[in-house]
Every structure is written in C-alpha cells, then in structure tokens.
Amino acid sequence: MSTSTSRQIAITEYTRRDRHLVSDILFRNYNVHTHIDWQEAEKWLETPDAIIRLAWQYGRLIGVLAAAPPLGGTTWLRIAGISDNADAARVFDILWNAVHKELITRQIHLVAVLMIRDWLIPLITPHGFTCREEVITLRRADQPPLVGESLPGLTIRATQPTDLVTITQVDQAAFEPPWQLTGDEVREAARVSAYCAVALRNEQIVGYQASTMYFDGSHLARLAVSPQAQGTGVGAALLGDVIRRFSRRGVVSMTVNTQLSNTRSQHLYERFGFQRNGYDIPVWMVNL
Ligand SMILES: CC(C)(COP(=O)(O)OP(=O)(O)OC[C@H]1O[C@@H](n2cnc3c(N)ncnc32)[C@H](O)[C@@H]1OP(=O)(O)O)[C@@H](O)C(=O)NCCC(=O)NCCS
C-alpha cells in the first residue's frame, strides 16, 4: 500500500476505507486545517480528482494533506491534519513533498490556502508560501428596507437544475483563478442555498447569486456577473433581489465575503449598506 517511505513515515493515496481514520485526525487534534465553505470535510474527501495524501507511522495514521481538484492551473489546500503527538514540521514536509509531486504532474502553477488558524504558517513558510491576499467579511444589518426597483430588460428568477452548466461558465468567466468554482462546487452551492437566482437578459443567463441562511441571518455565498454584462447593473439587481426576498421573511442581516483587492465588489456592497466587520482571513499562496 505504501507509495514511498521516509524514516518510518509511509505515504499513501487516500482511499474511501481511510475516511474514518481521517475524520478522527481532523476531530481529535489541534493541528487541523479545513477550508471553510459550504462543503463539510468528510463529504469533500470523496471529491473526484482531489489530491489527498496520508502519512502513516508504524501502521497508525499521523497526517493528512489534501488539495482541491485543479482549476485554471491553481488549487487550494483544503485539508491538513497532523496528529498532536507527531513531529508536525517533519510530517508536513513529507506530505507536502508527496502532494507537490502530484501538483507538478498536473501542471499546477499556484497553490493557495486560507489561513484560518496560525499553526500552519511555520510549516508552509519554508516551502515558499507568502501572505498575498485577505478574504474580508462585510455585514449588512439595521438598514432601512430596500425599495424595489427593476432593471429594464433584466429578469431575475430562481435557479433551475438545467441552469447549472451555464452558471458554472459565468462563474469561471467572472472570477480569476484560484477563485473560480468547479461545476461540482456550483452544484453544491446551489443545493445548500436557501435562495439561488439567475439574472437573464435576452433570455441568456448573465449573472447569478447563491445565498445561505443561518440562525436569523443570511450569507451571500456567491455573486458573479458575466464579464460582458458587468457594470450594467446586473450585480446590483441580483443583490437587491436577494436582500428584499430575505427581508420579506424577516431576515434583515446578511454577510458576504470578498477579497480585499476586489474593490469593485466592495463598492457594490458598500452601496447597499454593507460594512466590514473585521473578520478577515489571510490567504497564503505559492507559485510552483
Ligand atoms: C462584483 C460584480 C458582481 C459586480 O456586478 P456588476 O453587475 O458588474 O455590478 P453593477 O453593474 O451592478 O455595478 C457596478 C457598477 O456599474 C454601475 N451601474 C449600475 N447600473 C448601471 C447601468 N444601468 N448602466 C451602467 N452602469 C451601471 C454602478 O454604478 C456600479 O458602479 P460603482 O459601483 O462603481 O458606482 C461583478 O463585477 C463580478 O462578477 N465580478 C467578478 C466576481 C466577483 O468579484 N464577485 C463578487 C465578489 S465575491
């Protein structure tokens, strides 16, 4: 089963029968990183084409490192977990070398990681990762109700399953790597959304949004507009629509994440009364 060994640490590829051991590592240890979005780590492990390597010592699982299926030559480190009793730096180095080899084979040129907790920093720094971006959070609350206004020639309706392929194309055209979503991620975003809508102009989908609900608030999980349609009010129309829809259900607070460098989206959110709430997550990246 071993594909390589180094001073009694054996590296293998993840298989489905390892899932309980991996869950155990992620649940029981401090040295754990799981990417935050709408996908739970345990379910994400079954993602086709994910790059997942396990580290074993004397038959015991001591570490896991996983990168998302590549998109646009880029990927995210989605999962890292190292047993608290192990030498974290050594285990990480061995896991990274195994993952890195596969990343090169798949012609990945950029790897990103959301730095939710700092324990990974000293482990990834020797491999060339640097902090290059922040994911920021903005929140809208205590705002006067939005007046309904429609944009001539633009229709907004709830997403249908047949829209998902086009929505994925819109998403991948609107965002640069590594921020794009795969088709599976778009499907999962739509599935867990409380409200997912598309904007149509001349019967063509030109934008979409997906929003989730939690407790008594909502979260705009995704908003994207086709590059050709940007700057013509589509983003504002989708945002106004989702805010009004949740308000009618008594949900008046909404959060959204965006990149610190994405001033255009921040401008739009600020226009609708969103303000930064200080919850920022650094994004570390390395070019391979
Ligand atoms: C950010 C994004 C969603 C904004 O959507 P958009 O449709 O381009 O935004 P809008 O057209 O509604 O508003 C953008 C600008 O167009 C202007 N505008 C609005 N209606 C307009 C109209 N009818 N005609 C011309 N311009 C108009 C607005 O004034 C606004 O300018 P300002 O915000 O600088 O004052 C879009 O640019 C996008 O998909 N970007 C890439 C993905 C992304 O960053 N998503 C959000 C972050 S998670």
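Note that the coordinates shown come from a computational prediction; the quantities given were computed from them, not determined experimentally. (Residues numbered from 1 in each chain as written. Predicted model: local features only at pLDDT ≥ 70, side-chain atom pairs only at ≥ 80, totals over all residues. Heavy atoms only, no water.)

## Overview of the overall build of the protein
Next, step 1: A tally of regular secondary structure across the protein gives eight helices and 15 strands.
Next, step 2: At 21 Å, the protein has a C-alpha radius of gyration in line with the 19 Å of a compact globule built from 288 residues.
Next, step 3: For the protein, the spread of C-alpha atoms along the principal axes amounts to about 65 × 35 × 30 Å.
Next, step 4: In the protein, which comprises 288 residues, the share counted as buried stands at 53%. (Helix = DSSP H or I, 4+ residues; strand = E, 2+ residues; numbered from the N terminus. Rg over C-alpha atoms; globule rule 2.2 N^0.38 Å. Buried < 20%, exposed > 50% of the residue type's maximum accessible area, 1.4 Å probe, protein only.)

## Focus on the packing of aromatic side chains
Next, step 1: In the structure shown here, the tally under the stated rule is five aromatic pairs.
Next, step 2: Ring plane angle 70° and centroid distance 5.2 Å describe the contact between Trp76 and Trp179, whose orientation is recorded as edge-to-face. One end of the pair, Trp76, is in strand 6 (residues 74-82); the other, Trp179, is in the loop between helix 5 (164-174) and helix 6 (183-192), and 103 residues separate them in sequence.
Next, step 3: Given a relative accessible area of 11%, Trp76 falls into the buried group.
Next, step 4: Ring centres 6.3 Å apart and planes at 90° place the aromatic pair Tyr214 and Phe215 in the edge-to-face group.
Next, step 5: The exposure class of Phe215 is exposed, given its relative accessible area of 83%.
Next, step 6: Every member of this aromatic cluster is reached through a ring pair, and the members are Phe92, Trp96 and Phe129. (Phe/Tyr/Trp six-rings, centres within 6.5 Å; stacked < 30°, edge-to-face > 60°.)

## Description of the site of the ligand
Next, step 1: Around the ligand, the surrounding shell holds 21 residues, and the nearest of these are Gly231, Gly233, Gly235, Asn262 and His267.
Next, step 2: The backbone of Thr232 places a nitrogen or oxygen atom 3.0 Å from an oxygen atom of the ligand.
Next, step 3: One of the side-chain nitrogen or oxygen atoms of His267 is found 3.2 Å away from an oxygen atom of the ligand.
Next, step 4: Summarising the interface, the protein chains cover 72% of the accessible area of the ligand, which totals 910 Å² for the free molecule.
Next, step 5: For the shell around the ligand, the elements supplying multiple residues, two or more each, are strand 12 (217-225), helix 7 (234-248), strand 13 (253-259) and helix 8 (263-271).
Next, step 6: Here the element with the most residues in the shell around the ligand is helix 8; it accounts for six residues. (Near = heavy atom within 4 Å. Polar contact = N/O pair within 3.5 Å; in protein donor to acceptor, adjacent residues only side chain to side chain. Areas by Shrake-Rupley, 256 points an atom, 1.4 Å probe, with all protein chains shown as cover.)

## Looking at the domain arrangement of the protein
The extent of an interface is frequently quoted as the accessible surface area lost upon association of the parts.
Next, step 1: Domain boundaries in the protein define domain 1 (4-128) and domain 2 (137-281).
Next, step 2: Computed from C-alpha atoms alone, the centre-to-centre distance between domain 1 and domain 2 is 31 Å.
Next, step 3: Between domain 1 and domain 2, the residue contacts involve 15 residues of the former and 15 residues of the latter.
Next, step 4: Interface area, domain 1 with domain 2, both sides summed: about 1,300 Å², of which 69% is carbon and sulfur.
Next, step 5: Considering only the side of domain 1, the residues that lose the most area to domain 2 are Trp38, Leu71 and Trp76, jointly responsible for 51% of the buried surface there.
Next, step 6: Note that Glu188 is salt-bridged to Lys43, the shortest N-O span being 3.4 Å.
Next, step 7: Applying the counting rule to domain 1 against domain 2 returns two residue pairs in polar contact (both at pLDDT 80 or more).
Next, step 8: Where the side of domain 1 that touches domain 2 is concerned, the elements lending two or more residues are strand 6 and strand 7 (110-114).
Next, step 9: Of the residues belonging to the side of domain 1 that touches domain 2, the class tally is ten nonpolar, three polar and two charged. (Domains from an automatic or database assignment. Contact = heavy atoms within 4.5 Å. Buried area = accessible area lost by both parts, 1.4 Å probe. Salt bridge = Lys/Arg side-chain N within 4 Å of Asp/Glu carboxyl O. Nonpolar A, V, L, I, M, F, W, Y, C, P; charged D, E, K, R; others polar.)

## Here's the deal with a nonpolar patch on the surface
Next, step 1: The grouping of Ile36, Ile116 and Tyr279 at the surface amounts to a nonpolar patch, some 280 Å² of accessible area in total.
Next, step 2: Position of Tyr279 relative to the elements: it lies in the loop between strand 14 (275-276) and strand 15 (281-287).
Next, step 3: When its relative accessible area of 48% is taken as the criterion, Tyr279 is described as partly exposed. (Patch = residues over 30% accessible without salt bridge, like charges linked within 9 Å, V, L, I, M, F, W, Y side chains within 5 Å.)

## Overview of the side chain of Thr258
Next, step 1: Here Thr258 is to be found in strand 13.
Next, step 2: Note on Thr258: relative accessible area 7%, which makes it buried.
Next, step 3: Side-chain polar atoms of Thr258 contact the side chain of Asn262, separated by 3.5 Å.
Next, step 4: Within the structure, Thr258 has its side chain in polar contact with the side chain of Ser265 (distance 2.8 Å).
Next, step 5: In this structure, Thr258 is in contact with Glu134, Val135, Ile136, Leu138, Ser265, Gln266 and Tyr269, ignoring residues within four places of it in sequence.

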